[in-house]
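Now for the letters of each chain:
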Amino acid sequence: MTETVVYAAREIITMNPSRPVASHVAVRDGRILGVGSLAELAGWGDHRLDTRFADKILMPGLVEGHSHVMEGTFWSYAYCGYFDRMDPNGKIWPGAKTMAAALDRLADAEAALADPTQPLTAWSLDPIYYDNVRCTRADLDAISPSRPIGVLHASGHIMNVNSRALELAGMLRAGVNHPGIPLGADGLPTGELKGPEAMAPVSPHVGFDRDALAADEPGLRRFARLCVRQGVTTAADLASMLPDAAVEMMTRVTGEADFPARIVSLRRLHGIAPEEIVARALALRARSTERLRLGIIKIVADGSIQGFSARLRWPGYYNGAPNGLWYVTPEQLAETFERALAAGVQIHIHTNGDQATELVLDTMAASLAKVPAPDHRFTLQHCQLADRAQFRRMAALGMCVNLFANHHYYWGDEHRRLTVGPERAERMNACASALDYGVPMAIHSDAPVTPLGPLFTAWCAVNRLTASGHLQGAEERIGIADSLHAITLGAAHTLKLDGEIGSIEVGKRADFAILEADPRTVAPGELKDIAVWGTVQGGRVFSAAEI
Amino acid sequence: MTASTPSPIPATVIGGYLGAGKTTLVNHLLRTANGLRLAVLVNEFGALPIDDDLIIAREDNLISLAGGCVCCSFGSDLMAALMDLSQLSPPPERVLIEASGVAMPGAIAASVDLLTAYAVDGVLVLADSETVRARADDPFMGDTIRRQLGEADLILLSKCDVPAPADLAATEAWLASEALTAAVVPMTATTPPPRAVLFDLAAPAPWRHGGTDTLGHDQAYDSLILTPPPALDADAVADALAARPHGILRAKGVLPSARHGGLAALQMVGARLRVEPLAGGAPRHSGQVVVIGLRGQLDRPALEALFPAPLSSAS
């Protein structure tokens with residue numbers, strides 16, 4: 001007979017309305033045997049009482065509904081972002097508050113590289129916070145003229161490189177004519193590269209190797225350690241191309257006895273026909289394991305709002321920028337929806353602009369009329385600009401939404417000032433509207449775009465402050481209880497895992513976030529400051545201090 | 001860059017919305033490659049019905065075809081696929097990129113031009129003569145369709161045998177009213193434009209009489225050989241040709257160039273003009289430019305007036 005462990009806690013927040021709090025939880029075979037008093041649990045027979053959490057708060061393991069395992073890869077590069085950020089080792093890298101400080105950070109990282117030919121790779125630069133002072137290749141040449149340097153911006157859409165990197169890519173020449181590549185007075189590229197195509201020729205020379213990014217084993221391990229530090233026991237990876245080699249690596253690594261998280265990896269619709277991707281999703285689903293869940297499709301409908309590539313309805317961008325880009329045709333969308341609905345395959349759809357959301361809603365209505373499919377849980381991801389009429393339609397169509405609460409904090413000021421203007425900025429990531437209409441809702445980080453950390457994400461949705469401290473869209477704030485639901489059961493629901501995870505109740509996976517303070521009773525402004533001791537994942541204890 | 005740098009591989013971007021006939025055209029070009037080692041890049045293999053007897057080998061994202069052609073699905077990363085393709089031994093002689101239905105073909109061309117291994121030869125955008133006007137008014141896709149047409153060097157107006165003549169005329173008039181820079185080439189599934197129009201116009205050569213062998217006996221097109229004064233620089237010839245439309249779909253010639261210190265290749269397709277150092281060391285016939293237009297559309301008097309030197313007609 002396997003061992004039964006009963007954990008005592010200061011309080012267990014179960015998220016199960018029929019037994020919302022308890023003092024003890026019993027675990028057997030990685031699952032929750034029971035939740036209640038010690039006396040109640042003793043009825044299950046022999047057990048070992050573990051009191052190490054006696055002064056802690058237990059919550060259901062937090063569920064990150066939209067992140068990218070790539071965050072783990074990025075931590076092998078130099079961090080030069082504006083905000084303080086915790087790495088997988090628990091070290092907090094202080095934010096670089098000026099461009100000079102960011103360059104200093106790069107110089108330090110450069111000095112630490114022994115091999116003179118090794119590229120210096122860095123990430124999370126954000127000139128928005130430096131009054132849009134641009135970094136130039138001269139700035140980076142001063143750090144090293146001989147070593148290729150590539151610095152990816154926080155948005156992931158822009159990269160700064162030095163002269164050596166341009167030279168290696170054959171781009172340090174006159175006559176470059178590309179909308180994403182500004183030229184200096186000398187007629188040569190300034191070193192700023194905007195958009196994936198502009199970056200592509202340089203990326204392999206500065207350490208952003210696509211093959212490594214596709215299946216980076218150390219990166220996956222680092223990502224999982226970051227999960228432990230943030231109380232996350234299940235994280236969705238949106239999305240990958242999931243070639244067989246990557247699936248094999250992920251299956252092996254997540255299957256290791258001490259791998260501390262459950263990864264839900266989605267297959268992106270790209271370079272594959274609708275018919276093929278539905279078959280591929282079914283084949284992937286059959287390869288799912290306890291800690292690697294496969295079989296959901298992701299479709300990207302449009303671009304990003306801050307990159308002006310999202311598709312907006314009239315009147316478009318506040319600064320007059322032309323409308324953004326479609327990444328899918330209505331025909332592809334409809335065919336994939338219908339085939340997936342018929343096969344029982346779930347789809348998550350990235351829409352940032354409200355016109356993209358509108359197209360998905362129109363397409364979904366038509367597809368469901370042809371292929372009725374109860375409880376399909378197709379989920380709109382980001383969906384940042386949806387208005388109330390659109391949330392009503394999501395509810396009517398049985399769709400879920402995963403709103404980008406963190407974005408509001410990091411780019412909310414830009415959205416008010418530049419992209420969509422004050423009025424629409426206030427309704428961005430409208431959590432209260434989603435809940436008003438009963439749309440099943442999650443909130444997310446999109447790590448590495450913003451840091452992984454569901455308690456911070458909850459703080460964003462509860463407080464709706466921007467980075468400048470501006471309260472933006474007070475009416476769309478939600479309560480702490482709703483925010484905690486969004487980062488547990490809400491996210492689990494969008495992944496069709498709410499029967500397994502997301503609450504602490506009998507039969508579910510023994511996944512807990514171990515907290516030092518009670519999120520229900522802290523001041524709303526302190527939600528993000530709650531310390532995370534670690535997690536229990538599938539009954540295995542992972543301390544952040546020792547991970 | 002050293003003298004041994006191979007000359008860039010010419011790349012043609014083929015854009016247009018779903019159903020406009022991109023795949024049909026690509027299949028036709030593969031079937032009629034006639035020894036030219038074409039590499040075709042498609043977003044996905046899904047809709048590409050390559051005849052089985054042409055396929056020599058098939059891997060995940062690369063199909064090898066008889067005659068040295070390859071077809072490659074680039075999925076999410078066109079640039080990476082292009083970089084890989086240029087490493088093939090031997091490299092392809094020409095690359096055709098079939099853009100996805102919502103892609104901006106001009107943006108793709110600008111990106112391809114970043115790769116030193118390639119030189120963009122033209123942006124062809126297909127437009128379904130029956131549906132393009134309605135598509136251009138679609139509330140979701142309309143502006144995308146118009147931007148695609150606006151980025152074309154040549155618009156291939158497909159399925160011209162389908163609409164009633166009056167409707168076709170109305171569509172052509174509408175295209176003309178859209179102030180697009182591209183020339184419009186009508187076609188049907190069975191009468192695709194010859195390779196000389198699409199991408200493969202040969203420069204005039206002494207052993208070749210005019211453009212007749214590149215155009216075959218196609219009755220839909222005219223060609224002319226222009227002979228600018230020997231001292232006239234390639235850039236000056238290019239400026240003269242570009243100053244007015246003249247009905248030119250495509251032009252190619254080898255001319256002296258002070259800028260490139262010797263001979264340069266002049267290429268023109270629609271409004272896209274390139275004057276580049278002559279690739280390869282073999283002596284070439286120089287001093288002439290061949291131009292192609294739709295039959296009856298070349299502005300012969302104006303072209304003759306440009307370079308009032310000896311002029312020979314090839315048609």
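Residues numbered from 1 in each chain as written. Chains lettered and ligands numbered in written order. Predicted model: local features only at pLDDT ≥ 70, side-chain atom pairs only at ≥ 80, totals over all residues. Heavy atoms only, no water.

1. Some points on the overall build of chain A
When its secondary structure is counted, chain A shows 18 helices and 23 strands. Reported as C-alpha extents along the three principal axes, the dimensions of chain A are approximately 80 × 55 × 45 Å. In chain A, buried positions account for 61% of the 547 residues. If you sum the accessible surface of chain A, you get close to 19,300 Å²; carbon and sulfur atoms cover 54% of it. Here chain A contributes 52 positively and 62 negatively charged side chains, and the mean placements of these two sets differ by 2 Å. (Helix = DSSP H or I, 4+ residues; strand = E, 2+ residues; numbered from the N terminus. Buried < 20%, exposed > 50% of the residue type's maximum accessible area, 1.4 Å probe, protein only. Areas by Shrake-Rupley, 256 points an atom, 1.4 Å probe, with all protein chains shown as cover. Lys, Arg positive; Asp, Glu negative; His and termini not counted. Charge placed at Lys NZ, Arg CZ, Asp CG, Glu CD.)

2. Observations regarding the packing of aromatic side chains
All names here are of chain A. All chains considered together, the criterion is met by 24 aromatic pairs over all chains. The interplanar angle of 45° and the centroid separation of 5.8 Å between the aromatic rings of Phe74 and Tyr77 together place this pair among those described as tilted. Residue classification places Tyr77 among the buried residues on the basis of a relative accessible area of 13%. With a centroid separation of 5.9 Å and 45° between ring planes, the pair formed by Tyr410 and Phe456 is classed as tilted. (Phe/Tyr/Trp six-rings, centres within 6.5 Å; stacked < 30°, edge-to-face > 60°.)

3. Quick word on helix α10 (residues 274-286) of chain A
Residue and element names in this part refer to chain A. In a regular helix each residue adds 1.5 Å, so 13 residues correspond to 18 Å; α10 covers 19 Å between its end C-alpha atoms and thus fits that length. For α10, the set of buried residues is Pro274, Ile277, Val278, Ala281 and Leu284. For α10, the angular spread of buried residues about the axis comes to 125°, placing them on one side. Looking at α10, the residues exposed on the side facing more than 90 degrees away from the buried face are Glu275 and Ala286. Its buried side turned inward, α10 meets α9 (244-254), β15 (262-268), β16 (292-300) and α11 (330-343). (Expected span 1.5 Å × (residues − 1). Arc of directions from axis to C-beta. Contact = heavy atoms within 4.5 Å.)

4. Comments concerning the domain arrangement of chain A
Residue and element names in this part refer to chain A. According to the domain assignment, chain A consists of domain 1 (74-211) and domain 2 (216-537). On a C-alpha basis, the centroid separation for the pair domain 1 and domain 2 is 28 Å. Between domain 1 and domain 2, the contact holds 18 residues from the first and 17 residues from the second. Overall, the association of domain 1 and domain 2 removes approximately 1,500 Å² of surface from exposure, summing both partners, and the carbon and sulfur fraction of that is 56%. Linking domain 1 to domain 2 there are zero salt bridges. Classifying every residue of the side of domain 1 that touches domain 2 by side-chain character gives nine nonpolar, six polar and three charged. (Domains from an automatic or database assignment. Buried area = accessible area lost by both parts, 1.4 Å probe. Salt bridge = Lys/Arg side-chain N within 4 Å of Asp/Glu carboxyl O. Nonpolar A, V, L, I, M, F, W, Y, C, P; charged D, E, K, R; others polar.)

5. With respect to the interface of chain B and chain A
Each partner contributes to the interface: chain B provides 29 residues, whereas chain A provides 35 residues. Between chain B and chain A, a total of about 2,400 Å² is buried, with carbon and sulfur atoms accounting for 61% of that surface. Across the chain B-chain A interface, the total number found is two salt bridges. Between Arg311(A) and Asp143(B) there is a salt bridge, with its nearest N and O atoms 2.8 Å apart. Taken together, chain B and chain A are joined by 10 residue pairs in polar contact (both at pLDDT 80 or more). Counting residues per element, the ones that place at least two in the side of chain B that touches chain A are α2 (78-85), α3 (105-112) and α5 (142-150) of chain B. When residues in the side of chain B that touches chain A are grouped by element, the largest group, four residues, is from α2(B). (Polar contact = N/O pair within 3.5 Å; in protein donor to acceptor, adjacent residues only side chain to side chain.)

6. Considerations on the sheet that holds strand β6 (residues 62-67) of chain A
Residue and element names in this part refer to chain A. Spatial ordering of the open sheet is given by β6-β14-β15-β16-β17-β18-β19-β20, a layout of eight strands whose pairing is parallel. Of all strands in the sheet, those with a lone pairing partner are β6 and β20 (441-443), marking the two edges. The sheet shows a mean angle of 25° between the axes of neighbouring strands, taken without regard to direction. Looking at chain direction, strand β14 (residues 232-240) and β15 are connected through five bridges and run parallel. Looking across to β15, one finds that Thr234 is bridged to Arg262. Running at roughly 140° to β14, helix α8 (residues 217-229) makes contact with β6, β14 and β15 of the sheet. Across the sheet, α9 touches β14, β15 and β16, and the angle it forms with β16 is around 135°. (Pairing = 2+ DSSP bridges. Axes fitted to C-alpha atoms, helices over the stretch in contact; angles between N-to-C directions.)

7. Concerning the packing of helix α14 (residues 405-419) of chain A against helix α17 (residues 454-463) of chain A
Geometry of a packed helix pair, given as the angle between the helix axes and the separation of the axes. Residues and elements named next belong to chain A. With their axes 7 Å apart at the nearest point, α14 and α17 run at an angle of 70° to one another. As far as their axial angle goes, α17 and α14 are roughly perpendicular. Judged by residue contacts, Ala405, Asn406, Tyr409 and Tyr410 of α14 engage Phe456, Thr457, Trp459, Cys460 and Ala461 from α17. Its residues assigned to classes, the contact of α14 with α17 shows seven nonpolar, two polar and no charged. (Parallel < 35°, antiparallel > 145°, perpendicular 65-115°, else oblique.)

8. Side note on the nonpolar core
Within the largest apolar cluster, 178 residues are counted, with the highest numbers of intra-cluster contacts made by Met394(A), Met399(A), Val401(A), Leu41(B) and Val95(B). Not counting residues up to four positions away in its chain, the partners in contact with Leu41(B) are Cys72(B), Phe74(B), Leu78(B), Ala81(B), Leu82(B), Leu85(B), Val95(B), Leu96(B), Ile97(B) and Glu98(B). In this structure, Leu38(B), Val185(B), Ile292(B) and Leu294(B) belong to the second largest nonpolar core, which totals 36 residues. (Core = buried A, V, L, I, M, F, W, Y, C linked by side-chain atoms within 4.5 Å.)

9. Here we look at the sheet that holds strand β11 (residues 149-153) of chain A
Backbone hydrogen bonds hold the strands of a sheet together, and the pairing may be parallel or antiparallel. Residues and elements named next belong to chain A. Strand order in this open sheet of five strands is β7-β10-β11-β12-β13, and the pairing throughout is mixed. Looking at which strands have only one partner, the edges of the open sheet turn out to be β7 (78-79) and β13 (192-194). Taken together, the three bridges between β11 and strand β12 (residues 158-161) define a ladder with antiparallel strand orientation. Within β12, the residue paired with Gly150 across the bridge is Val161.

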